[in-house]
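Close look at the chain arrangement
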Amino acid sequence: MWDREYTSYTVRPMQIGILGGTGPAGRALAVRLASVGFETVVGSRAAPRAAQICEGVLAEWPGQDIPQSGAAPPAAAACEVVVVATPWDAAAATAATVADELAGKVVISMANALAKMGREFQPLIPSRGSIATAVQAAVPQALVSAALQHVPAHDLGDLSQPVDCDVLVCSDHPEATTTTMAIMDKLPGVRALDAGPLSCATPVEAFTAVLLHLNVRYKTRVAVRFTGLDL
């Protein structure tokens, strides 16, 4: 029986590392987190590329206070909280390369396992059920949560607009759930929701295929909002 209650609290400023931070999702999340007061470290195997990404962000948003820097993966993994933002098929392997640095930390997995077959987006079910559970298996001493699977990278990276969506958070670790939700709640327009244990990441990740089909069908970028919650 899953029985717990999330109590909102004000998260303190912290340093957040983004593994795979030069990709669309990682880059967008890094700038959004930095814009609300977190110091972000964009991690990439090509550290000069990460530095270039950070310089480009500053040029794109002049006048914004965006405290971020580029570094190699170990430096990003040394942060207080770490996000795995690599492509889905590299998420667990990337986390495993910095397992020692991630031990005891909250690690947020944001990938979805999807394949495009013709005109269809098909969800793939990894052997462990989800990408988030695969990351947890790769770094067993870390506190892994799944979050941000349904947020378009474009919306995350556009600082001129609020994100305007609910973010489902799944984890087997109450500390990871609480920390992840507090971070998400700092993003303008975002409401974080406790969606249960890490096993629930399987349908959460797979549902992204439905959202992509809606985007194609209606030529838009849909977002998830839940009604009936008295929060």
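Structural notes, computed from the coordinates.

Calculation notes
Residues numbered from 1 in each chain as written. Predicted model: local features only at pLDDT ≥ 70, side-chain atom pairs only at ≥ 80, totals over all residues. Heavy atoms only, no water. Buried < 20%, exposed > 50% of the residue type's maximum accessible area, 1.4 Å probe, protein only. Helix = DSSP H or I, 4+ residues; strand = E, 2+ residues; numbered from the N terminus. Pairing = 2+ DSSP bridges. Right-handed = clockwise from strand over helix to strand, strands pointing away. Phe/Tyr/Trp six-rings, centres within 6.5 Å; stacked < 30°, edge-to-face > 60°. Lys NZ or Arg CZ within 6 Å of the ring centre and 35° of its normal. 1 Å grid on protein atoms, 1.4 Å probe; cavity = no way out; pocket = protein on both sides within 12 Å on 5 of 7 lines; lining within 4 Å. Points joined across faces, edges and corners; volume = space filled by probe spheres on them. Salt bridge = Lys/Arg side-chain N within 4 Å of Asp/Glu carboxyl O.

Extensive coverage of strand β2 (residues 39–43) is indicated by the burial of four of its five residues. Where strand β1 (residues 15–19) and β2 come together, five bridges link them in parallel fashion. Within β2, the residue paired with I16 across the bridge is T40. Handedness of the crossover joining β1 and β2 through helix α1 (residues 24–35): right-handed. Sheet topology note: the β2/strand β3 (residues 68–71) ladder contains four bridges and is parallel.

What follows covers the packing of aromatic side chains. Following the criterion strictly, the structure yields zero aromatic pairs and no others. Here the basic side chain of K116 rests over the ring of F121, its NZ or CZ set 5.5 Å away from the ring centre. One cation-aromatic arrangement involves R217 over Y218; the distance from NZ or CZ to the ring centre is 4.9 Å.

Let's shift gears to empty space enclosed by the protein. A water-sized probe rolled over the atoms picks out the places where empty space is left. This structure, assessed with the given rule, holds one cavity of 30 Å³ or more. Empty space within the largest cavity amounts to approximately 40 Å³. Lining the largest cavity are A113, P123, L124, I125, P126, G129, S130, T202, E205 and A206. It is helix α9 (residues 201–206) that contributes the most residues to the lining of the largest cavity, three residues altogether.

Here the focus is the pattern of salt bridges. Counted according to the given criterion, the structure contains four salt bridges. The residue D166 makes a salt bridge to R191 at a minimum N-O spacing of 2.8 Å. Taken as a pair, D166 in strand β9 (residues 165–171) and R191 in strand β10 (residues 190–194) lie far apart in primary sequence, 25 residues in all. The class of D166 is buried, set by a relative accessible area of 1%. It is possible to trace a salt-bridge network through shared partners that takes in D164, D166, R191 and R225.

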